[in-house]
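# Fold and contact review
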Amino acid sequence: MTGVQGSIGVLQGSIGVHGFAGWLEATSASDAIKSASWVIPLLQSIHILTIGIVFISFLMIVLRVLGVMRTDEPVDAVWTRFAPWMWSGLVVMAATGITLVVGEPEREFGTVSFWLKMLLVAIGVTGTALYGRSLRSAAAGASTVFPVSAKAASVLMVILWIAVIFLGRAIAYDKQVWGALSPHA
Ligand code: HEM
């Protein structure tokens, strides 16, 4: 066991992750999710489909800020058009994701990818809310051209959401992706 693996194990042990995962795995809710073979594939399919809605809605807003698309529209109108799809998509992703966790807690909690993803999702949601607020307060007219700082922030947010997507997929390949860092190693 490597030093890093050891510290992840100690951290998980101290916050009782394995105990909690074991308790969750034994609940009737977890049994119900696991009992029907179509539930988890259906949840994963809805989760994957909703990535498209969330990511493309956010991208449409970013492409306005970067001056690539909808440059004749005020950013407020573009935000009002796409943000509801993004936020409701995130609610669906949280609901399907949490249900997947209840169904397979050991599978999820026992990976580096899941915890890193949850950290980036928290940063992503907070960052996107602050990003939206600052865009709309900064931009008055239809033809607003955004400063380099706003464009850089937009690209960073897109990279963050792509990292979340990668980490979501990496949960199933934690050992291959993180090698000795993975608790599964
Ligand atoms: C609170 C929010 C979320 C939770 C609790 C969550 C949880 C999960 C869980 C448990 C899985 C199954 C992993 C597995 O067992 O293989 C998963 C898969 C995945 N998640 Fe999330 N997720 C959340 C939000 C997101 C968001 C916002 C994105 C992207 C924008 C995302 C992208 C993915 C991807 C790409 C997969 C892999 C799907 C597959 O191919 O099977 N997730 N997520």
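First, a word on what this report is: a plain description of the structure on this page. (Residues numbered from 1 in each chain as written. Predicted model: local features only at pLDDT ≥ 70, side-chain atom pairs only at ≥ 80, totals over all residues. Heavy atoms only, no water.)

### Quick word on the overall build of the chain
Cut-off, in case you're wondering: Secondary structure elements follow DSSP: runs of H or I of four or more residues count as helices, runs of E of two or more count as strands, with numbering from the N terminus. For every residue, the accessible area obtained with a 1.4 Å probe (protein chains only) is divided by the maximum for its type, and the residue is called buried under 20%, exposed over 50%, and partly exposed between those limits. Working rule for contacts: check all heavy atoms of both residues, and any pair within 4.5 Å makes them a contact.
Secondary structure assignment for the chain yields 9 helices and 0 strands. Walking the chain from its N terminus toward its C terminus, one meets helices and strands in the order α-α-α-α-α-α-α-α-α. In the chain, which comprises 185 residues, the proportion classed as buried is 37%. Sequence separation of at least 24 residues holds for 75% of the intrachain contacts in the chain that already meet a minimum separation of 6.

### What about the coordination of the iron atom of the ligand?
Applicable threshold: Coordinating donors are taken as N, O and S atoms within 2.8 Å of the metal, stretched to 3.2 Å for Na, K and Ca; because water is absent from the atoms, sites can appear incomplete. Note on geometry labels: four donors, all angles 85 to 135 degrees, give tetrahedral; four donors become square planar and six octahedral when opposite donors are over 155 degrees apart and every other angle is between 65 and 115; remaining cases are irregular.
Within the protein, the atoms that donate to the iron atom of the ligand are His47 (NE2) and Lys117 (NZ), at distances of 1.7 to 2.0 Å. Geometry at the iron atom of the ligand is octahedral, judged from its 6 donor atoms and the angles of 82 to 178° they form at the metal. Taken as a pair, His47 in helix α4 (residues 39-65) and Lys117 in helix α7 (residues 112-138) lie far apart in primary sequence, 70 residues in all. Residue His47 is classed as buried on the basis of its relative accessible area of 15%.

### Let's talk about the site of the ligand
Here is the rule we go by: The nearness test applies per residue and asks whether one of its heavy atoms lies within 4 Å of the molecule or strand. Any N or O atom pair separated by 3.5 Å or less is treated as a polar contact, with the protein-specific requirement of one donor-capable and one acceptor-capable atom, and with residues adjacent in sequence counted only for side-chain atom pairs. Residues are grouped as follows: Ala, Val, Leu, Ile, Met, Phe, Trp, Tyr, Cys and Pro are nonpolar; Asp, Glu, Lys and Arg are charged; every other residue, Gly included, is polar.
As a matter of local geometry, the ligand sits amid 22 residues, with His47, Arg107, Glu108, Lys117 and Arg169 nearest to it. Within the side chain of Glu108, an N or O atom sits 2.8 Å from an oxygen atom of the ligand. Take Lys117: an N or O atom from its side chain is 2.5 Å from a nitrogen atom of the ligand. At the level of secondary structure, the elements contributing two or more residues to the shell around the ligand comprise α4, α5 (75-103), α6 (105-109), α7 and α8 (148-170). Here the shell around the ligand takes 7 residues from α5, the largest share from any one element. A breakdown of the residues in the shell around the ligand according to their chemical character gives 14 nonpolar, 4 polar and 4 charged.

### Considerations on the packing of aromatic side chains
As a reminder, the rule being used: The aromatic pairing rule takes the rings of Phe, Tyr and Trp, using the six-membered ring of Trp, and pairs them if the centres are within 6.5 Å, calling planes under 30 degrees apart stacked, those over 60 edge-to-face and the rest tilted. Distance and angle both matter: a charge sits over a ring if NZ of Lys or CZ of Arg is within 6 Å of the ring centre and within 35 degrees of the ring normal.
Under the defined criterion, the tally for this structure stands at 6 aromatic pairs. Ring plane angle 55° and centroid distance 5.7 Å describe the contact between Phe58 and Tyr131, whose orientation is recorded as tilted. With Phe58 in helix α4 and Tyr131 in helix α7, this pair connects stretches of sequence that are 73 residues apart. Each member of the pair Phe58 and Tyr131 is classed as buried. Each member of the aromatic cluster is reached from another via a ring pair, and the members are Phe20, Trp23, Phe109, Phe114 and Trp115. Over the ring of Phe82 we find Arg81, and its NZ or CZ is 4.7 Å from the ring centre.

### Side note on a nonpolar patch on the surface
Note the threshold: Grouping into patches uses exposed residues only, defined as over 30% relative accessible area, and leaves out salt-bridged ones; the cut-off is 9 Å for like charges and 5 Å for nonpolar side chains (Val, Leu, Ile, Met, Phe, Trp, Tyr). Residue-level accessible areas treat just the shown protein chains as cover; the underlying method is Shrake-Rupley with a 1.4 Å probe. A pairing counts as a salt bridge when a side-chain nitrogen of Lys or Arg comes within 4 Å of a carboxyl oxygen of Asp or Glu.
There is a patch of nonpolar side chains on the surface, built from Trp38, Leu42, Ile46 and Val92 and spanning about 360 Å² of accessible area. Within the secondary structure, Trp38 is located in the loop between α3 (28-35) and α4. Looking at Trp38, the relative accessible area reads 54%, which means it is exposed.

### Section: the packing of α4 against α7
Spelled out, the test is: As a rule, the C-alpha atoms of each element are fitted with a line to give its axis, helices using only the stretch in contact, and angles between N-to-C directions run from 0 to 180 degrees. Note on convention: the crossing is left-handed when the near helix lies turned anticlockwise from the far helix by less than a right angle, right-handed when the turn is clockwise.
Where α4 meets α7, the closest approach of the two axes is 13 Å, and the angle between their N-to-C directions is 35°. In this structure, α4 meets α7 at a crossing whose hand is left-handed. On the side of α4, the interface is formed by His47, Phe58, Ile61, Val62 and Val65, while α7 contributes Lys117, Thr128, Tyr131 and Leu135. For the contact of α4 with α7, the class distribution of residues is 6 nonpolar, 2 polar and 1 charged.

### Considerations on α4
Side chains three or four residues apart in an α-helix point the same way, a direct result of the helix having 3.6 residues per turn. Formally: Here the expected span of a helix is defined as 1.5 Å times the quantity of residues minus one.
Its 27 residues place the ends of α4 39 Å apart at the C-alpha level, agreeing with the 39 Å of an ideal helix rising 1.5 Å per residue. Just downstream of α4, Gly67 is the residue with a positive phi angle, here 80°.

Everything listed is a geometric property; what it means functionally is a separate question.
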